[in-house]
Amino acid sequence: MLPFFFLHYDKLVQRYIIYDDASTDNSQEILRLNPKVELRPMPPYSDPESRIRSALALQETCWRESRGIADWVIITDIDEHLYHPDMYGYLAQCRAQGVTIIPALGYQMLSEHFPEHKTLLCQSLTRGACDLVYSKLGIFSPNEIDAVNYTQGRHSAAPKGRVVLPARDELLLLHYHYLGFERVRKRNAQFVTRQRKNDIAMGWGSEYSLSSKQLREVWNLIASRLVDISQPDLRPWETHGGPRWWRPPYLLRYWESDETPPWYSLPSMRRRRSIPVVLHSLISRVLKPCLPERLLKLLRKFKAPAPSSTEARVQGRIRRRLEVQSKGKASHEFSYEDALSLLDRLGIDPSQSREGSMPLASLQFMQSHFDRLDTSRPIIALHVGNFLGVSLAYLVHTLRRLHPDSRVVSIDPNLTHRGIPRTMETVLVLLNYFGLEDRVAILTGYSLEKNVSNQGEIFAGYDPVANWENERSCTHQLDLLNALARGVFDLCLMDGNHDGDYLQRELDRVRQLLRPGGLLVLDDVSTAWPEIQWFFNSISPDQFQKLSTDDRIGLLVRS
């Protein structure tokens, strides 16, 4: 791949720093032939038991020496080609506009045969499939960014500093990995031997363990979704589907978004009532004659409560409690948009609440198959993996409309997920807000044995491996349910553990819980989770009959 790499980047790059991880082929000889290359040995692993985590530590710091020297730095692998039809002009334009980071839209390029050398791959091999996993931050200004904060594999980031995005996403990342089926199969076998203990435990690089049959199924799936990136009407900023981690609502300009900006939930904003009473006097005596009534109502919200005695405070608490109790159940009608807005008001990072929750289109796709359910009696459903409770609330609300006495049992260990601690508290707020709290039985525990949270990923500085001993919850909740309610569930939505072996054992229990003909919904049946996608495609018809998929969720029926 090195000749293709240099042919692609040489016109743009003035200096390469390449870290060689003890290669045994002729890579070092090829590298020394390029006068722009500074070849360095890979530093000692910061984590001797993890090649992935050690590489991440290097990627977080290696670019800092380019400050004051380079306009842009590129952090990349040899098979990743950043592409724009006018790359040099585009970077000059971004620099003139003050752009400091340029995330790229990922495309998984594919060819049945390894191409000839001395060809520019972005011109000779131009067919690839949209791939959210390879939408990465590969190029940024070293002089404006303080930290990149990559996740494992650089598949997302949380850059700090003066972060300015381009107006639209034009840059592509062409991942030239699937070049020649037999070549890829042999290389995967080599890569497996390089994995360290913690890499295996976390499931990092699990795609290298695919059998030839599994690899061919993944290969064919990619082949079925190919587009030509060289077409002038491609417009990737519009056609590259799925959420982009760098464009959550809080990165948009606030006047262009309906979302609540993050500063709205800061403690300084929540302490508005601590503003002195002097402000109220100013409103009453000075501003009232000259301000419209609407603005006066807004300003009156800043009025601080007058000091009160202990007895008055106690009476006030009693009065407020009676007022709340007299209101009865919540009157808020559930809607997906209102649920997300509520999470925003609770101070939940909008990027995590939206990326971590099932999209509305997929939930509606699931609902379109509910005509299979027997609505002449209450519907009993199981929901595995709550996160913040958006899909759980949607499911409860929808089933209650089909039959008012429907019930849902949910299973979740209530751990820190996506940097959000004690997620169950948010789930309960959501259910109570929409008056759904009496329709859900929540089991706080793991569906099977204890397993690492966040799929081993570090989110917002929370390392699930380092916190393993502190994460506690009940275990084997599916076995508990089978002892109590085998064969009574009409529906099960699975959005928990994403390890293939764990999921297989979960489904063995879930099948026993479902009635014959019961509906099974699997989330993340997408290219972002190839292991789940392969698992969905390989489920035996003796267990479940496949119904349909929308490229995010898969629907099946218990045989």
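Because the structure is predicted, anything quoted here is derived from the model rather than measured.

Caption draft 1: Spatial organisation of the environment of Q123. Position of Q123 relative to the elements: it lies in helix α5 (residues 121-124). Since its relative accessible area comes to 63%, Q123 is described here as exposed. Taking the C-alpha atoms as reference points, Q123 and S230, 107 residues apart in sequence, are found 7.3 Å from one another.

Caption draft 2: Layout of the pattern of salt bridges. Under the counting rule described, the total for this entry stands at 28 salt bridges. One salt bridge in this structure joins R95 and D71, with 3.1 Å as the shortest N-O distance. With R95 in helix α4 (residues 87-96) and D71 in the loop between α3 (51-61) and β3 (73-74), the pair connects residues that are 24 residues apart, well separated along the chain. A residue is classified by how much of its surface remains accessible, and R95, at 52% relative accessible area, is exposed. D71 gets classed as partly exposed once you look at its relative accessible area, which sits at 39%. Residues R244 and D169 are paired through a salt bridge, measuring 2.9 Å at the closest nitrogen-oxygen approach. Placement of R244 in the loop between α9 (236-239) and α10 (267-270) and of D169 in the loop between β10 (160-161) and β11 (172-179) is noted, with a sequence separation of 75 residues between them. Using a relative accessible area of 17% as the deciding quantity, one classes R244 as buried. Under the relative-accessibility criterion, D169 is labelled buried at 2%. Taken together, the shared-partner salt bridges in this structure form one network comprising R15, E38, R40 and E65.

Caption draft 3: Looking closely at the packing of helix α14 (residues 336-345) against helix α18 (residues 423-433). The interhelical angle for the contact between α14 and α18, taken along N-to-C directions, is 130 degrees, at an axis separation of 11 Å. What the angle tells us is that α14 and α18 run oblique. Note on packing geometry: the crossing formed by α14 with α18 is right-handed. Side by side, α14 and α18 meet where A339, L342, L343 and R345 of the first sit next to T426, V429, L430 and Y433 of the second. Its residues placed into classes, the contact of α14 with α18 shows six nonpolar, one polar and one charged.

Caption draft 4: Up close: the packing of aromatic side chains. For the structure on display, the rule yields 13 aromatic pairs. Summarising the aromatic geometry, the rings of F4 and F114 are spaced 5.8 Å apart at their centres and angled 75 degrees between planes, so their arrangement reads as edge-to-face. In this pair, F4 is assigned in helix α1 (residues 2-9) and F114 in the loop between β6 (105-111) and α5, connecting sequence segments 110 residues apart. Overall, the relative accessible area of 1% leaves F4 in the buried class. In this structure F114 comes out as partly exposed when scored by relative accessible area, which is 31%. Aromatic pair F5 and Y9: ring centres 5.0 Å apart, planes at 55 degrees, arrangement tilted. With F5 and Y9 both in helix α1, this residue pair falls four residues apart, about one helical turn. Assigned by exposure class, F5 and Y9 land together as buried. By way of ring pairs, the aromatic residues F5, F6, Y9 and Y16 are connected into one cluster. Positioned above the aromatic ring of W237 is the side chain of R168, whose terminal nitrogen or guanidinium carbon lies 3.7 Å from the ring centre. A cation sits over an aromatic face here: K450 above W468, 4.3 Å from the ring centre.

Caption draft 5: Quick peek at the sheet that holds β11. Strand order in the open sheet made by the five strands is β4-β11-β6-β7-β12, with mixed pairing throughout. Both outer strands of the open sheet, β4 (80-83) and β12 (227-228), are each paired with one neighbouring strand and no more. As paired strands, β6 and strand β7 (residues 127-130) are joined by three bridges and run antiparallel to one another. The residue of β7 that forms the bridge with M109 is G128.

Caption draft 6: Quick peek at the sheet that holds strand β8 (residues 137-140). Here we have three strands laid out as an open sheet, ordered β3-β8-β5, and antiparallel in their pairing. Looking along the sheet, the strands with just one partner apiece sit at the ends: β3 and β5 (101-103). Pairing of β5 with β8, which is carried by three bridges, proceeds in the antiparallel orientation. Along β8, the bridge assignment pairs P103 with L137.

Caption draft 7: Up close: α1. For α1, the tally of buried residues reaches six of eight residues, placing the bulk of the element in the interior. All of the buried residues in α1 are L2, F4, F5, F6, H8 and Y9. Looking at the buried residues of α1, the elements they touch are β1 (16-20), α2 (27-32), β2 (37-41), β3, β4 and α5.

Caption draft 8: Expanded view of the pairing of strand β17 (residues 514-523). Summarising burial for β17: seven of the 10 residues are buried, a large majority. Pairing of strand β16 (residues 489-494) with β17 involves five bridges; the strand directions are parallel. Directly across from C492, in β17, lies its bridge partner L520. Running through helix α20 (residues 500-513), the crossover from β16 to the neighbouring parallel element β17 is right-handed. Inspection of the sheet shows β17 paired to strand β19 (residues 553-558) by five bridges, in the antiparallel sense. Residue pairing for β19: L522 is matched across the bridge by G554.

Caption draft 9: How the structure looks around the packing of helix α6 (residues 181-192) against helix α8 (residues 212-223). Direction vectors running N to C along α6 and α8 enclose 130 degrees, while the axes themselves pass 11 Å from each other. Classified by the angle their axes make, α6 and α8 are oblique. As α6 packs across α8, the resulting crossing turns out to be right-handed. Only S212, L215, R216 and W219 of α8 make contact with α6, whose side of the interface consists of F181, V184, R185 and N188.

Caption draft 10: Representation of unusual backbone geometry in the model. One non-glycine residue with positive phi stands out, namely R235, at about 50 degrees. Of note, N414 is a non-glycine position whose phi angle comes to about 60 degrees, a positive value. A residue is classified by how much of its surface remains accessible, and N414, at 24% relative accessible area, is partly exposed.

The rules behind the values
Numbering of residues starts from 1 in each chain and follows the order in which that chain's sequence is written. Side-chain atom pairs in this predicted model are given and counted only at pLDDT of 80 or more, local residue features only at pLDDT of at least 70, and totals for whole chains, interfaces and linings cover all residues. With hydrogens and water stripped out, all remaining heavy atoms of the structure feed into the side-chain values. Only DSSP runs of H or I covering at least 4 residues are called helices, and only runs of E covering at least 2 are called strands; the numbering of each starts at the N terminus. For each residue, the accessible area found with a 1.4 Å probe, counting protein chains only, is set against the maximum for its type, and the residue is called buried under 20%, exposed over 50%, and partly exposed in between. Here, a salt bridge means any Lys or Arg side-chain nitrogen found within 4 Å of an Asp or Glu carboxyl oxygen. To define axes, lines are fitted to C-alpha atoms, for helices over the stretch in contact only, and angles between the resulting N-to-C directions are given on a 0 to 180 degree scale. Each angle receives one of four descriptions, namely roughly parallel if under 35 degrees, roughly antiparallel if over 145, roughly perpendicular if within 65 to 115, and oblique otherwise. Working rule for handedness: look at the near helix, and if it is turned counterclockwise from the far one by less than a right angle, call the crossing left-handed; if clockwise, right-handed. The contact rule is simple, with two residues in contact once any of their heavy atoms fall within 4.5 Å. In this count, Pro and Cys sit with the nonpolar residues alongside Ala, Val, Leu, Ile, Met, Phe, Trp and Tyr, while Asp, Glu, Lys and Arg are called charged and the others, Gly among them, polar. Stacked, tilted and edge-to-face are the three classes assigned to paired rings of Phe, Tyr and Trp, where Trp is represented by its six-membered ring and a pair needs centres within 6.5 Å; plane angles under 30 degrees give stacked, over 60 edge-to-face, the rest tilted. Here, a charge over a ring is recorded when the distance from Lys NZ or Arg CZ to the ring centre is within 6 Å and its angle to the ring normal is within 35 degrees. At least two bridges found by DSSP between two strands is the condition for calling them paired. Orient the strands so they point away from the viewer, and a crossover whose first-strand-to-second-strand path over the helix runs clockwise is right-handed.

So far we have only geometry, and geometry alone does not tell us how the molecule works.
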